[in-house]
Amino acid sequence: MSDLRGHSPRRYVVDVSGRRVLVGLTLEETSEFEGLDTSLPVLGGEAQGTELMPSAVEGRWLELYDKHDKAWIKWKADLMAGQGGNSPFFN
């Protein structure tokens, strides 16, 4: 599995309760993602080019990252289309 950290900026917004969350994630999911992100090992050169099955932790990290990334892409598209003020991802 490739190390996706550092390839995309963290994209936070303030939710309706004034808490900082990743776009598309709840406060609990944001907290979980951040914890998983800091616990994952960084793959070295020896692991590149091999097909590894992601662990449960890596799988959950990918699930949350994918949810966040899809919401971010939609939010950006809405902004480009002039609908940024109606986006459920930016309060």
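Residues numbered from 1 in each chain as written. Predicted model: local features only at pLDDT ≥ 70, side-chain atom pairs only at ≥ 80, totals over all residues. Heavy atoms only, no water.

A word on helix H2 (residues 56–80). Its 25 residues give H2 an end-to-end C-alpha distance of 36 Å, which sits within 8% of 36 Å, the value for a rise of 1.5 Å per residue. Along H2, the residues classified as buried are Glu58, Trp61, Leu64, Tyr65, His68, Asp69, Ala71, Trp72, Trp75 and Asp78. Looking at the buried side of H2, the elements it contacts are strand S2 (20–22) and helix H1 (27–39). A positive backbone phi angle near 80° is found at Gly82, which sits one or two residues after H2. (Helix = DSSP H or I, 4+ residues; strand = E, 2+ residues; numbered from the N terminus. Expected span 1.5 Å × (residues − 1). Buried < 20%, exposed > 50% of the residue type's maximum accessible area, 1.4 Å probe, protein only. Contact = heavy atoms within 4.5 Å.)

The biggest cluster of nonpolar side chains holds eight residues, and these are Leu22, Leu25, Phe33, Leu36, Leu40, Trp61, Leu64 and Tyr65. For this core, the secondary structure elements donating two or more residues are H1 and H2. Sort the elements by how many residues they give to this core and H2 lands first, with three residues. By size, the runner-up hydrophobic cluster in this structure holds six residues, among which are Val13, Val23, Ala71 and Trp72. (Core = buried A, V, L, I, M, F, W, Y, C linked by side-chain atoms within 4.5 Å.)

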